[in-house]
Amino acid sequence: MRLLIIGRLSGELVTASRIAMSRGAAVTQADGIEQGLNALRAKGADLVMVDVALAIRTLVTALSDERIRTPVVACGTGTDAKAAVAAIQAGAKEYIPLPPDPELIAAVLEAVTADARSFVWRDPAMERVVKLAEQVARSDASVLITGESGTGKEVLARYLHTRSNRVQKPFVSVNCAAIPDALLESELFGHEKGAFTGAVARRIGRFEEAHGGTLLLDEISEMDVRLQAKLLRALQERVIDRVGGTQPVKVDIRVLATSNRNLAEEARKGTFREDLLYRLNVVNLRLPPLRDRPSDILELAGHFARKYAEANGVPTRPLSAEARRLVMQSPWPGNVRELENTLHRAVLLASGPEIDADAIRSPEGDALAVAGPAARAVQAAEAATRGFVGRSLAEVERDLILDTLDHCLGNRTHAAKILGISIRTLRNKLNEYTDAGIPVAEPGHTRALAAYG
């Protein structure tokens, strides 16, 4: 956690600084707005605390113009309501009265550092992904996370970071699809003063900001192929060149990338460099769509219902039986993101002791679309077919054997009969999987019970 405090250090701000440091934050101090901006350009920060007497609107506008997305919190002595309102209107996220309450400072720091998008899963299809993620989390290997839009790729990336050896260092995310090509190079690698119109000062890029930690390149398939060459050099040599710079800069980062496209197909079309794909794809974590992980639907729905009830200050309500049925029957083309938005609306629309089916609605207020029996059968068949694409025969065979063994609660004889193989062949296969560190169900258990006791 990196905290920047802007303002002359009165006794109250000194106390706030000491509280923050006692909570593990690295604190940088600046006297005024311009000095604070220089500190942000040079070092970055996770949070800015600024004296309410300073020109907060100037600071917020400058951050916006330079695409620096660090949240700003205003601080002021006494209980000047007008100053607090003016600070919020100027763009500050919160107002903290001084002298500071240690618990309030701690809560603000925790809110900034905590990942509000909790990683929630229950389905066996996700269990395999999580198991592999945990196996590679502590390494520095590049990881490519793929899956449809809304499946939770960035959430999984943050999960990897929290279980890595770099957890105490920054996690920096760049959405390659949201930044114009002309600006993305500067966003990634930084620039020197005067490198282009609007470059009013040297600014470090996301690579330097993530030094020692993890850099997530979100939706990397949207990056222009010419910039991909510079990215490849940065990954191979662990050095970058700021735009307009003359000296290479060394960086120590672990790179994660996400894509909702098939990058192998993009490489064949010439829109994605094949050598960059090999560099990124040391490990591939493929997130299944929500329709292929039905056990996650109600688990996530309950999580979002609790989350948004707390966020909106309303009572926490369970989903009614009819609402649960409706949620389970929806195809969720927008995946977890669509489910989250739907439950947020439901929390706001619900009345009574439960979230009823009437509250489960589309953004336009219409009843939620539900797939009929025939459509659900087609979806299930398509999902099964999609599950084979891009996988080796050995992987498909392994999952078939392990899923069948789960179905038989670990009974080797029954599983072998269903699979049409001898018990000896089954045991040989299971020994191979065990030697490779893959959980195998013991008699009377499924893999989940075998793996976790």
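Our subject is the structure listed above.
(A) Highlighting the sheet that holds strand E3 (residues 47–51). With parallel pairing, the five strands of this open sheet are ordered in space as E2-E1-E3-E4-E5. Since the sheet does not close on itself, it has two edges, and those belong to strand E2 (26–30) and strand E5 (94–98), each with one partner. Between one strand axis and the next, the sheet turns by 25° as a mean value, whatever way the strands run. Here strand E1 (residues 2–6) runs beside E3; their pairing, made up of four bridges, is parallel. In the sheet register, Leu 4 faces E3, and the bridge partner there is Val 48. In the packing of helix H2 (residues 33–43) onto the sheet, contacts are made with E1, E2 and E3, and the angle to E1 comes to roughly 165°.

(B) Region of interest: helix H19 (residues 423–435). Compared with an ideal rise of 1.5 Å per residue, which puts 13 residues at 18 Å, H19 spans 18 Å between its outermost C-alpha atoms and is within 8% of the ideal. Those residues of H19 lying buried are Leu 426, Leu 430 and Tyr 433. Looking down the long axis of H19, one finds its buried residues gathered within 55° of arc, a one-sided arrangement. Residues of H19 that are exposed and angled more than 90 degrees away from the buried face: Arg 424 and Asp 435. Backbone geometry just after H19 places Gly 437 at a positive phi near 85°.

(C) Quick look at the nonpolar core. Leu 188, Phe 207, Leu 217 and Ile 220 are the most contacted members of the largest nonpolar core, which totals 30 residues. Within the residue set of this core, elements represented by two or more residues are strand E7 (171–175), helix H8 (181–189), strand E8 (214–218), helix H10 (225–237), strand E11 (254–259) and helix H12 (274–280). A per-element tally of this core places H10 first, with five residues. Core analysis: the second largest hydrophobic core is formed by 25 residues, Leu 290, Leu 300, Ala 305 and Tyr 308 among them.

(D) Layout of the sheet that holds strand E6 (residues 143–146). Pairing within the open sheet is parallel, and its five strands lie in the order E7-E8-E11-E6-E12. Looking at which strands have only one partner, the edges of the open sheet turn out to be E7 and strand E12 (283–286). Each strand of the sheet is rotated relative to its neighbour by a mean of 20°, with strand direction disregarded. Note that E6 and E12 share four bridges and pair parallel.

Parameters at a glance
- Residues numbered from 1 in each chain as written.
- Predicted model: local features only at pLDDT ≥ 70, side-chain atom pairs only at ≥ 80, totals over all residues.
- Heavy atoms only, no water.
- Pairing = 2+ DSSP bridges.
- Helix = DSSP H or I, 4+ residues; strand = E, 2+ residues; numbered from the N terminus.
- Axes fitted to C-alpha atoms, helices over the stretch in contact; angles between N-to-C directions.
- Contact = heavy atoms within 4.5 Å.
- Expected span 1.5 Å × (residues − 1).
- Buried < 20%, exposed > 50% of the residue type's maximum accessible area, 1.4 Å probe, protein only.
- Arc of directions from axis to C-beta.
- Core = buried A, V, L, I, M, F, W, Y, C linked by side-chain atoms within 4.5 Å.

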